[in-house]
Every structure is written in C-alpha cells, then in structure tokens.
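Okay, here's what each chain looks like letter by letter:
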Amino acid sequence: MGVHSPRFLSCGDTAVTVEFGTEIDDGLNALCLAFDAALTEAAIPGVIETLPTYRSVLVQVDPLVIDMPAFEARVHDILAGLKLDGRAPRRWIIPVVYGGAFGIDLEDVAKSHGISTEEVIRRHSSRTYRVAMLGFLPGFCYLSGADPSIALPRRTSPRLKTPAGTVSIGGVQALFASVEAPSGWHLLGRTPVRNFMPDRDPVFLVGAGDEVVFRPIPERDWDALDAAAAAGEPVAELVTA
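Okay, so let's go over this structure. (Residues numbered from 1 in each chain as written. Predicted model: local features only at pLDDT ≥ 70, side-chain atom pairs only at ≥ 80, totals over all residues. Heavy atoms only, no water.)

The pairing of strand E1 (residues 7–10) with strand E2 (residues 15–19) spans 4 bridges and is classified as antiparallel. Paired with Arg7 across the strands is Glu19, a residue of E2. Hairpin connection between E1 and E2: a loop of 4 residues separates the two successive antiparallel strands, and Gly12 in this loop has a positive phi of roughly 75 degrees. (Pairing = 2+ DSSP bridges. Helix = DSSP H or I, 4+ residues; strand = E, 2+ residues; numbered from the N terminus.)

Close contact between helix H3 (residues 106–113) and helix H4 (residues 117–125) brings their axes to 8 Å; oriented N to C, the two are set at 95 degrees. Classed by the angle they form, the pair H3 and H4 counts as roughly perpendicular. Judged by residue contacts, Leu106, Glu107, Val109 and Ala110 of H3 engage Thr117, Val120 and Ile121 from H4. Grouping the constituent residues of the contact of H3 with H4 by class yields 5 nonpolar, 1 polar and 1 charged. (Axes fitted to C-alpha atoms, helices over the stretch in contact; angles between N-to-C directions. Parallel < 35°, antiparallel > 145°, perpendicular 65-115°, else oblique. Contact = heavy atoms within 4.5 Å. Nonpolar A, V, L, I, M, F, W, Y, C, P; charged D, E, K, R; others polar.)

Let's shift gears to the nonpolar core. In this structure, Ile94, Leu143, Phe176, Val206, Val212 and Phe214 are the most contacted members of the largest nonpolar core, which totals 27 residues. Those elements that place two or more of their residues in this core are strand E5 (91–98), H3, H4, strand E6 (129–134), strand E7 (141–144), strand E9 (166–170), strand E10 (173–176) and strand E13 (211–216). It is E5 that contributes the most residues to this core, 4 residues altogether. Among the nonpolar cores identified, the runner-up in size contains 17 residues, and Val16, Ile44, Val57 and Val59 belong to it. (Core = buried A, V, L, I, M, F, W, Y, C linked by side-chain atoms within 4.5 Å. Buried < 20%, exposed > 50% of the residue type's maximum accessible area, 1.4 Å probe, protein only.)

Right, let's get into the pattern of salt bridges. Tallied over the entire structure, the rule returns 9 salt bridges. Across the pair Arg7 and Glu19 runs a salt bridge whose closest N-O atoms are separated by 3.1 Å. Here Arg7 is found in strand E1, whereas its partner Glu19 is found in strand E2, with 12 residues between them in sequence. Note that Glu180 is salt-bridged to Lys161, the shortest N-O span being 4.0 Å. On the criterion of sequence distance, the pair formed by Glu180 in the loop between E10 and strand E11 (181–183) and Lys161 in strand E8 (residues 159–162) is long-range, its members being 19 residues apart. You can call Lys161 exposed: its relative accessible area is 57%. A single network of salt bridges, built from pairs that share partners, joins Arg7, Glu19 and Arg55. (Salt bridge = Lys/Arg side-chain N within 4 Å of Asp/Glu carboxyl O.)

Let us now look at the side chain of Arg200. Looking at the secondary structure, you find Arg200 in the loop between strand E12 (186–190) and E13. Here Arg200 occupies a buried position and makes no salt bridge, while the nearest side chain of opposite charge, Asp201, is found at 7.8 Å. A polar contact of 3.4 Å, which involves the side chain of Arg200, links it to the backbone oxygen of Asn195. Within the structure, Arg200 has its side chain in polar contact with the backbone oxygen of Val203 (distance 3.1 Å). (Lys, Arg positive; Asp, Glu negative; His and termini not counted. Polar contact = N/O pair within 3.5 Å; in protein donor to acceptor, adjacent residues only side chain to side chain.)

Pairing is antiparallel in the open sheet, where 4 strands are placed in the order E1-E2-E4-E3. Both outer strands of the open sheet, E1 and strand E3 (47–52), are each paired with one neighbouring strand and no more. Each adjacent strand pair in this sheet contributes to an overall mean axis angle of 20 degrees, direction not counted. Of the strand pairs in this sheet, E2 and strand E4 (residues 56–61) are connected by 5 bridges, and their pairing is antiparallel. Bridging from a neighbouring strand, Ala15 pairs with Gln60 of E4.

Turning to the packing of aromatic side chains, a few remarks are in order. Enumeration according to the criterion identifies 6 aromatic pairs in this entry. Between the aromatic rings of Tyr142 and Trp185, the centroid separation amounts to 5.9 Å while the plane-to-plane angle is 70 degrees, which identifies the pairing as edge-to-face. On the criterion of sequence distance, the pair formed by Tyr142 in strand E7 and Trp185 in the loop between E11 and E12 is long-range, its members being 43 residues apart. Residue classification places Tyr142 among the buried residues on the basis of a relative accessible area of 11%. Given the relative accessible area of 6%, Trp185 is considered buried. (Phe/Tyr/Trp six-rings, centres within 6.5 Å; stacked < 30°, edge-to-face > 60°.)

On to the packing of helix H1 (residues 26–42) against helix H2 (residues 68–80). The N-to-C vectors of H1 and H2 enclose an angle of 120 degrees; their axes lie 10 Å apart at closest approach. Our classification of the angle between H1 and H2 gives oblique. Both H1 and H2 take part in a crossing whose hand is right-handed. Counted together, Phe35, Ala38, Leu39 and Ala42 of H1 and Phe71, Arg74, Val75, Ile78 and Leu79 of H2 form the full contact between these two elements. Here the residues of the contact of H1 with H2 sort into 8 nonpolar, no polar and 1 charged. (Left-handed = near helix turned anticlockwise from the far one by under 90°.)

Here you go:
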C-alpha cells in the first residue's frame with residue numbers, strides 16, 4: 001500500500017480509519033504521526049478528533065458537516081505534500097523497580113529464556129523504545145523496539161487487574177501502562193511515573209513519537225518517587241527536547 005493510496009475504512013457514520021498498512025513498522029508509524037499532525041493543522045470542517053496508531057489514523061467526524069468524497073480528496077492532497085519530521089524526538093528516562101511484587105512475571109520470563117533475572121533486566125533496560133501510540137486506555141504507551149531475545153507470547157489467561165505504572169512485554173511489543181487495568185502481558189516491573197493525570201498540565205506526559213529508556217531503581221526509592229509523582233511531579237527525566 002503506497003503513501004498515495006491509503007484505504008478509507010468506514011467506522012459507522014461518525015468515524016473513518018485512514019489505513020496505510022497492516023504491519024507494526026516504525027516507518028509506517030512515522031507516516032501516521034506526520035499525517036495526523038498535518039490533518040490536525042489542516043482544520044478540515046467536520047473533523048472532530050484524530051487518533052494515530054501503529055499503521056492507521058482514526059478520524060472522528062461530524063456526519064452532518066463532513067463531505068466524505070471531498071475529505072478523501074483532501075487527504076490525498078495532504079499526503080502529496082507530506083514531510084516527515086526530521087527533528088530529534090523527546091527522550092524520557094523512566095525509573096522502574098523490577099521484579100518482586102513490582103514485576104511478578106520477571107522470574108518466569110527469565111526461566112522461559114534460560115537466563116537470569118538480572119539479564120532480563122539488562123536487556124529490557126538497555127533498549128531505546130519508541131512510543132508508537134497511546135491506546136486501549138488513556139496514557140497507555142505502546143512501545144516499539146523491544147528486544148526479541150526476551151519476547152514471549154501474551155499470557156493464555158489474562159489477569160483481571162494489573163497496577164498502574166506496570167512495565168511489561170507481550171509478543172514483539174513493550175508497554176508502559178498508565179492506569180490500573182486488565183492485562184495479558186508479562187509484568188517485568190513498575191514505574192511511579194503517572195503518564196495520565198486529568199488535573200495536571202500536561203494531562204499526558206509521554207506522547208506518541210517520543211522515546212523511552214527504562215532506568216532500574218532499587219525498591220527503597222519507590223515511596224519517595226511515588227509520592228512525588230502523586231503530587232504531580234514528572235519523576236521521569238526529559239533528556240531530549
């Protein structure tokens with residue numbers, strides 16, 4: 001599927017998905033994020049909100065205002081002049097307590113690969129991840145760039161509840177969670193960082209297109225950092241802007 005021939009998939013009468021591909025791919029995701037920004041800047045009448053994903057952009061529309069043939073033509077015009085953002089992304093250093101009560105699947109992940117828990121932590125925390133999208137729940141960061149050597153399929157029996165701030169892996173993806181939620185992913189650790197706080201400015205700290213590096217911290221640091229985060233402090237360190 002070429003850049004100039006996206007698929008337009010109707011989602012009822014109030015939304016349309018502009019799909020650029022079917023794979024998890026950083027290049028496709030960069031295209032989606034650039035298109036999302038350009039579409040927002042275009043301020044097309046009838047477009048209410050947009051949501052970029054790994055490979056597509058969901059566009060919420062007002063069916064009484066939007067003219068879909070004209071909208072599709074405008075999309076093609078936007079794509080024809082689209083330029084990917086060449087600026088360095090923001091990079092966040094996210095503190096994580098690994099293992100124990102904070103990462104109850106760490107030992108199982110290590111055993112599955114025949115390595116130590118320390119090696120799992122090293123491999124997981126030595127990567128630079130890219131935030132491909134926010135989804136599922138407010139502030140959930142879906143990350144590309146996971147180490148394939150520690151990848152595991154998702155759990156056959158999802159848990160009904162996992163803590164806010166969970167740092168986990170599932171398949172070829174990694175996740176930095178924001179709120180308590182069900183999950184079938186493997187829980188490696190937990191961060192005190194609140195990526196979603198409705199009463200904070202900004203509401204979302206880490207966004208799509210940003211980079212994330214996880215920094216292991218000892219359990220003794222948790223209480224102080226968690227209290228600071230609950231008070232609205234970022235706790236995460238921004239090292240590139």
